[in-house]
Each structure stands twice: as structure tokens, then as C-alpha cells.
Amino acid sequence: MTYVLIPGAGGSADYWHLLVDELRRRGREAVAVDLPAADDAAALPEYAATVRAAIGDRRRVVLVAQSLGAFTAPLVADDPRVTMVVLVNPMIPAPGETAGQWWAATGHAQARADHAVAQGRTPGDHVDLAVDFFHDVPEAVVARLTAADAPDESPAVFTRPNPLRRWPDVPTRVVTGRDDRFFPADFQRRLARERLGVDVDVLPGGHLIALSQPRRLADQLDAYRIQAPPADR
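As the structure is a prediction and not an experimental result, all values here were calculated from the model.

A. Representation of the nonpolar core within the structure. Core analysis: the biggest nonpolar cluster contains 71 residues, and Trp16, Val51, Leu63, Val64, Val86, Leu87 and Leu217 have the highest contact counts within it. Excluding anything up to four places from it in sequence, Leu217 contacts Trp16, Leu19, Val88, Val175, Leu203, Ile209 and Ala210.

See below:
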């Protein structure tokens, strides 16, 4: 079995480096995908093609998708070699919904603001990377990821039509960071139930859980591993 890891916004495979190390230490095969996020001509179909190329000739594949990566994963999961999809702090898309439409359609802004107030923080539209994303990530890891400027995501990913017509017939799991400030846990739980009919598995950690809790995330993936059906379903 191979874990194929799809990053979120920015498209960098380096987001997964700690999880890849942990999985390989356990004897698992893990492939982190670099998406063409800086290519203004690239949108979801091109992202999906990149992931398919990374799968190559591997037979049993679990797709693991972070945040925005949840828009790409279902476009690849129709491959009969994919045995399971695991979404981590995901933007769960509705059929045909663009990533640009997702924010208003899901009520994200209100959910994020309510969560900030409940925590005693001042809500606002501005995204503070230190507060919203890196608050529980070790300083050395933050320094590594912020040493070079990440490319802006291609606007096409948010605006070009989403070819998803229905969620593929493949087991899907949702992992939610208990301490996620950007996509609060209750918000994720609601979307998972409404859009996928599943409940979430909650782990300690914020939005970038693969950086703050790689061992716990690997533990969860190992638990799913024994549930995965054979390939060529």
C-alpha cells in the first residue's frame, strides 16, 4: 500500500516531509506530490493529472489530501487502484462547486469568527499565518517552511469549473485538528456530515497537523490502513 499525499494551498510536497519520514520509519511507502500551484494555466484537472502521474503503476493507493487538496483528491479517486481517501482539515467540495465559491457556500467566515470569539481572540478577515496556521508548529519547522517565499496559488484553481459531478464510490475518512483555528472542528464536523455523510476523527493539532502532530497523524493513517478494501474495486 502507498500513501499518496496531496498538499493544500501552495502545492508544496515539503508540507508533508515530517509525515513522510514517520511513515517510512514504519515501513510504509509514502509519495508527497508537488502540485503546479505557480502555473497560472493550471487548475484542478492539471492538479489531478499531476497526482495520477505520481501514482504511476502502484497498485494499492490511499490518497491523503490536506485542506485545498480535498478539491483534487476526488478527481483522482475514480482510479480503481485507489482504496481510500483521507481528507485532513479539508475544504470538502460539493459537486461542481469551485474553490472560490466554497467559502461563502459553507459559511466559513462566520464559523471562523465565532470560533475566534469563543477563544477570546478578536475576529477579522485578515489571515495571520502565525496565529491561524503556525501557532502549534515547532519553530524550527516554521523556519524551514518560511525560509523561501511560497508561490501564490494559481487563480485558476479557484475560478475555473470544478469537473466533480459526484463523490467517487470509495471509502472516505476525515481527520480534523481539534485546535484548528482556520477551519474550526465543529465547522469541519458539520461539512463532513452534510457533504459526505461521515463523522470526523479528531486529533490534537491545528490546521497544519502534519507538521505539528506527524506521529499522531501517522497513527491514524495506520488505523485506517487495516480498514482499506482491496484495490480494483
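Let's pick the thread back up.
B. Up close: the sheet that holds strand β4 (residues 82-88). The strand order across the open sheet built from six strands is β2-β1-β3-β4-β5-β6, with neighbouring strands paired in parallel fashion. Only two strands of the sheet have a single neighbouring strand rather than two, namely β2 (29-32) and β6 (200-203). Here the average twist between neighbouring strands, direction ignored, is 25°. With four bridges joining them, strand β5 (residues 172-177) and β6 adopt parallel strand pairing. Counted as the bridge partner of Val174 is Val200 from β6.

C. A look at the packing of helix α4 (residues 99-106) against helix α9 (residues 185-196). The contact between α4 and α9 brings their axes to 12 Å, and the two run at 105°. Comparing their axes, α9 and α4 come out roughly perpendicular. Facing Trp102, Ala105 and Thr106 of α4, the residues of α9 in contact are Phe187, Arg190, Leu191 and Arg195. Residue composition of the contact of α4 with α9, grouped by class: four nonpolar, one polar and two charged.

D. Quick look at unusual backbone geometry. A positive phi angle is found at Ser67, which is not glycine, with a value near 50°. Examined against the element boundaries, Ser67 turns out to sit in the loop between β3 (61-66) and α3 (73-76). For Ser67, a relative accessible area of 9% puts it in the buried group. Unlike most non-glycine residues, Asn89 shows phi in positive territory, near 45°.

E. Quick peek at the packing of aromatic side chains. Here the structure, examined in full by the defined rule, presents nine aromatic pairs. Ring geometry for Trp102 and Trp103: centres 4.9 Å apart, planes at 90°, overall edge-to-face. What makes Trp102 buried here is its relative accessible area of 0%. On the basis of relative accessible area, Trp103 is assigned to the partly exposed category, the value being 27%. Each ring, one from Trp102 and one from Phe183, has its centre 5.2 Å from the other, and the planes form 50°; the classification is tilted. Within this pair, whereas Trp102 is found in helix α4, its partner Phe183 is found in the loop between β5 and α9, the two being separated by 81 residues in sequence.

F. Local environment of the environment of Met84. Among the structural elements, Met84 can be located in strand β4. Separated by 81 residues in sequence, Met84 and Tyr3 have C-alpha atoms that sit 9.7 Å apart.

Thresholds, definitions, all that
Residues numbered from 1 in each chain as written. Predicted model: local features only at pLDDT ≥ 70, side-chain atom pairs only at ≥ 80, totals over all residues. Heavy atoms only, no water. Core = buried A, V, L, I, M, F, W, Y, C linked by side-chain atoms within 4.5 Å. Buried < 20%, exposed > 50% of the residue type's maximum accessible area, 1.4 Å probe, protein only. Contact = heavy atoms within 4.5 Å. Pairing = 2+ DSSP bridges. Helix = DSSP H or I, 4+ residues; strand = E, 2+ residues; numbered from the N terminus. Axes fitted to C-alpha atoms, helices over the stretch in contact; angles between N-to-C directions. Parallel < 35°, antiparallel > 145°, perpendicular 65-115°, else oblique. Nonpolar A, V, L, I, M, F, W, Y, C, P; charged D, E, K, R; others polar. Phe/Tyr/Trp six-rings, centres within 6.5 Å; stacked < 30°, edge-to-face > 60°.

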